[in-house]
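Commentary on secondary and tertiary structure
Letter by letter, the chains look like this.
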Amino acid sequence: MLALIVLILRYALMFVLYIFLGWVIYTLWRDLRFQSQIVTTQKIPQITLSLESDVDGTRLSFAKPELVIGRDSECDFQIHDEAVSTRHARLTYRYLQWWVEDLQSTNGTFLNDQRVETSTVIIKGDELRVGHQNILIDIETTE
């Protein structure tokens, strides 16, 4: 009789354990699905670049996570200046901020007159110098 009660308790405990594990897996799955929806609907703030020397005041706006600055026609922001490398610098949006990095350019990339050695955060109003050109940065604020 005692063996039968122990057997029933074992099965009951095993059943409760499986119910608990199923609930944990379901909760994790639901949380991951919610987080992935947040990431996919995350809006990239628009960044606007303009050359300081441009008399027309041409401003190009971008709303994509990565753009390349350089002399090459494939670059997103093309600059016609012999001191600018073919692929000079890269702007990327990650960790909810815009970052600039030098792409091993010959003359270097400068952010507010300081050489960019590693990926550096850029903000609205910063000035980027590539070659002989100054690029003014304007970032849409999300509030």
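Residues numbered from 1 in each chain as written. Predicted model: local features only at pLDDT ≥ 70, side-chain atom pairs only at ≥ 80, totals over all residues. Heavy atoms only, no water.

Along its length, the protein carries one helix and 11 strands. The N-to-C order of helical and strand elements in the protein reads α-β-β-β-β-β-β-β-β-β-β-β. Relative to its length of 143 residues, the protein is extended, with a C-alpha radius of gyration of 27 Å against a globular reference of 15 Å. Dimensions of the protein, computed from C-alpha atoms along their principal axes, come out at roughly 95 × 30 × 25 Å. Carbon and sulfur atoms provide 58% of the accessible area of the protein, an area that totals close to 10,100 Å². If the 13 positive side-chain charges of the protein are averaged to one point and the 19 negative ones to another, these points end up 13 Å apart. (Helix = DSSP H or I, 4+ residues; strand = E, 2+ residues; numbered from the N terminus. Rg over C-alpha atoms; globule rule 2.2 N^0.38 Å. Areas by Shrake-Rupley, 256 points an atom, 1.4 Å probe, with all protein chains shown as cover. Lys, Arg positive; Asp, Glu negative; His and termini not counted. Charge placed at Lys NZ, Arg CZ, Asp CG, Glu CD.)

Before going further, it helps to spend a moment on the sheet that holds strand β10 (residues 127-130). What holds strands together in a sheet is hydrogen bonding between their backbones, with the strands either parallel or antiparallel. Ordered by their spatial adjacency, six strands build an open sheet running β2-β1-β11-β10-β7-β8, and the pairing between neighbours is antiparallel. Bordering the open sheet on either side are β2 (59-62) and β8 (114-115), each of which pairs with just one other strand. Pairing between β10 and strand β11 (residues 133-139): four bridges, direction antiparallel. Along β11, the bridge assignment pairs L128 with I135. (Pairing = 2+ DSSP bridges.)

Right, let's get into the nonpolar core. Counting residues in each nonpolar core, the largest one holds 21 residues, and the members touching the most others are I47, L49, I69 and L91. With sequence-adjacent residues up to four places away left out, L49 is seen in contact with T58, R59, L60, F62, L67, I69, F77, L91, I135, L136 and I137. (Core = buried A, V, L, I, M, F, W, Y, C linked by side-chain atoms within 4.5 Å. Buried < 20%, exposed > 50% of the residue type's maximum accessible area, 1.4 Å probe, protein only. Contact = heavy atoms within 4.5 Å.)

Before going further, it helps to spend a moment on the confidence of the model for the protein. Summarising the model, the protein shows a mean pLDDT of 90, and 94% of its residues fall at 70 or more. Mean pLDDT values over the elements of the protein span from 88, in β2, up to 96, in strand β7 (residues 109-111). (pLDDT = per-residue confidence, 0-100.)

So, on to the packing of aromatic side chains. For the coordinates displayed, the defined rule picks out three aromatic pairs. With 5.4 Å between their ring centres and 55° between their planes, Y93 and W98 make a pair best called tilted. The two residues Y93 and W98 agree in class, both being buried. Sitting above the plane of the F110 ring, R129 keeps its charged end 4.3 Å from the centroid. (Phe/Tyr/Trp six-rings, centres within 6.5 Å; stacked < 30°, edge-to-face > 60°. Lys NZ or Arg CZ within 6 Å of the ring centre and 35° of its normal.)

Among the structural elements, T109 can be located in strand β7. On a C-alpha basis, the gap between T109 and H88 in space is 7.5 Å, while along the polypeptide they are 21 residues apart. If sequence neighbours within four positions are ignored, T109 has contacts with H88, A89, V100, D102, Q114, R115, V116, L128, R129 and V130. Here H88 takes part through its side chain, which lies 3.4 Å from a polar atom of the side chain of T109. (Polar contact = N/O pair within 3.5 Å; in protein donor to acceptor, adjacent residues only side chain to side chain.)

Here we come to the pattern of salt bridges. Considering all chains together, one arrives at eight salt bridges under this definition. Note that R59 is salt-bridged to D138, the shortest N-O span being 3.3 Å. Separated by 79 residues along the polypeptide, R59 in strand β2 and D138 in strand β11 bring together distant segments of the chain. You can call R59 partly exposed: its relative accessible area is 49%. According to the relative accessible area criterion, D138 is partly exposed, its value standing at 25%. (Salt bridge = Lys/Arg side-chain N within 4 Å of Asp/Glu carboxyl O.)

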